[in-house]
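Spelled out, the chains give:
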Amino acid sequence: MSDTHPLNRRHLLQASLGAAAWAATASMPAWAAPPAPTAADLSKVTLRIGYYKGLWRPLITAAGLGQTPYRIEWRELNNGVLHIEALNGDALDVGSGSEIPALFAARQKAQVRFIAVVREDLNNQVTLARKDAPIQRIADLKGKRVGYVRATTSHYFLSKQLAEAGLSFNDIQAINLTPADGLSAFDRGDLDAWAIYGYNGQLARLRYGARVLKTGLGYLSGNFPIYANPRAVDDPLKHAAIADYLQRLRRAYLWANSNYLAYAQAQSAETRVAVGDLIELWNNRSNDYDLRAVDDSVVQGHQAVADTFLQLGVLDGPAQVAPLWDKSFKTALVAPLAAQVAKAA
């Protein structure tokens, strides 16, 4: 959806929250239609796909793209490290996460490949201050109790924001907490500020009046890698199935950009996060969803993250990420887009 037609929470919530919203899937534009059947017979292929609650599985279903020529075994794993471990242990074929678990995988030379990137909202990656704390800017964090999640995007963007303000982790009382524990600590007043991502930051704003000091925009690349099992990538039939899945996932993301109410309903049904809260996040997004092929800039951006974590002492040695990036799905992602643009012209 273009910026000339912004989603409005009030208007969306006044829209039908029932069958009418879901009916949007029946009139999807051409780019959202399921891809043409592949020449390969994928009927005996099973893809084991890791997903986060409220994301890929409800997205694919809501977009009407769930009827695949192969079988999908969905496995809920709400942590990028778990996705990497499952792939490395041959318990998964496809997963996803941020660039951070991916760089640890590179450091450990894990059996995993990075085959595409999802472009996601960076305004839901936030550094928050308590509503009653005398903190108006990042520089005011000096000496304060600041929560974060070690070895995640929050660790990375907080370090960048501190450096920009002439500070480091040594200048704050840095407290490593899981997202759930961080929300509880923020509620109790055990934290003055909190660097966090996703729904928990939204809950802190809505429930506890947290103030946003900075978002991840300008500090994070916005690239969230799709991970794959090298064994699946090297198998011709599974490679074809993964290529088909990536095409469907990209179409689903593009569909969600224009049908976010329907997607928010599907997310809410699985996560129990209120539809209105999801729409609030969407209205404040930094960019629309997309799924893109791997290019040199993606690899270079990931290497910059690895180098920063080495400087912070998070990594125990250099990590070279390039060997784990796989461009073999580029044609599957770029060719349909090129055809779509040519048809529109």
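Residues numbered from 1 in each chain as written. Predicted model: local features only at pLDDT ≥ 70, side-chain atom pairs only at ≥ 80, totals over all residues. Heavy atoms only, no water.

## Details of the overall build of the protein chain
Turning to step 1, where the next piece is worked out: Along its length, the protein chain carries 14 helices and 11 strands.
Turning to step 2, where the next piece is worked out: The burial tally for the protein chain puts 52% of its 345 residues in the buried class.
Turning to step 3, where the next piece is worked out: Here the contacts in the protein chain between residues at least 6 apart in sequence split such that 82% fall between residues at least 24 apart. (Helix = DSSP H or I, 4+ residues; strand = E, 2+ residues; numbered from the N terminus. Buried < 20%, exposed > 50% of the residue type's maximum accessible area, 1.4 Å probe, protein only. Contact = heavy atoms within 4.5 Å.)

## Side note on the side chain of Ser98
Turning to step 1, where the next piece is worked out: Within the secondary structure, Ser98 sits in the loop between strand 3 (94-96) and helix 5 (99-107).
Turning to step 2, where the next piece is worked out: Side-chain polar atoms of Ser98 contact the backbone nitrogen of Ile100, separated by 3.1 Å.
Turning to step 3, where the next piece is worked out: Non-local contacts of Ser98, meaning those with residues more than four positions away in its chain, are made with Thr153, Phe224, Pro225 and Tyr227. (Polar contact = N/O pair within 3.5 Å; in protein donor to acceptor, adjacent residues only side chain to side chain.)

## Considering the confidence of the model for the protein chain
Turning to step 1, where the next piece is worked out: Residues of the protein chain with pLDDT of at least 70 account for 86%, and the chain-wide mean is 86.
Turning to step 2, where the next piece is worked out: Ignoring residues within four places in sequence, the model shows residues 1-38, a span with pLDDT below 50, making 58 contacts including any to other chains.
Turning to step 3, where the next piece is worked out: Within the model, pLDDT remains below 50 along residues 341-345, and this stretch shows zero contacts once partners closer than five positions in the same chain are excluded. (pLDDT = per-residue confidence, 0-100.)

## Remarks on the sheet that holds strand 8 (residues 193-197)
Sheet strands associate in pairs through backbone hydrogen bonding, adopting either a parallel or an antiparallel arrangement.
Turning to step 1, where the next piece is worked out: One open sheet holds the five strands; their spatial order is 7-6-8-5-9, and the pairing between them is mixed. Where the open sheet ends on each side, the last strands, each with one partner, are strand 7 (173-176) and strand 9 (211-215). Adjacent strand axes in the sheet meet at a mean angle of 25 degrees, parallel and antiparallel pairs treated alike.
Turning to step 2, where the next piece is worked out: As judged from the four bridges shared by strand 6 (residues 145-148) and strand 7, these two strands associate in the parallel manner. The partner of Arg145 across the bridge, within strand 7, is Gln173.
Turning to step 3, where the next piece is worked out: Packing against the sheet, helix 8 (residues 199-208) makes contact with strand 5 (125-129), strand 8 and strand 9, and its axis sits at approximately 135 degrees to strand 8. (Pairing = 2+ DSSP bridges. Axes fitted to C-alpha atoms, helices over the stretch in contact; angles between N-to-C directions.)

## Let's talk about the packing of helix 10 (residues 236-258) against helix 11 (residues 260-271)
Turning to step 1, where the next piece is worked out: Where helix 10 meets helix 11, the axes come as close as 5 Å, and the angle between the chain directions of the two elements is 110 degrees. On the basis of the axis angle, helix 10 is roughly perpendicular to helix 11. Contact residues: Trp255, Ala256 and Ser258 in helix 10; Tyr260, Ala262 and Tyr263 in helix 11.
Turning to step 2, where the next piece is worked out: For the contact of helix 10 with helix 11, a count of residues per class yields five nonpolar, one polar and no charged. (Parallel < 35°, antiparallel > 145°, perpendicular 65-115°, else oblique. Nonpolar A, V, L, I, M, F, W, Y, C, P; charged D, E, K, R; others polar.)

## A short note on helix 7 (residues 179-188)
Turning to step 1, where the next piece is worked out: The set of residues buried in helix 7 consists of Gly182, Leu183, Ala185 and Phe186. Along the axis of helix 7, the buried positions cluster into a sector of 165 degrees, meaning they face one direction only. Pointing more than 90 degrees away from the buried face of helix 7 are the exposed residues Ala180 and Arg188.
Turning to step 2, where the next piece is worked out: Against the buried residues of helix 7 lie strand 5, strand 8 and helix 8.
Turning to step 3, where the next piece is worked out: Looking one or two places after helix 7, you find Gly189, whose phi comes out positive at around 90 degrees. (Arc of directions from axis to C-beta.)

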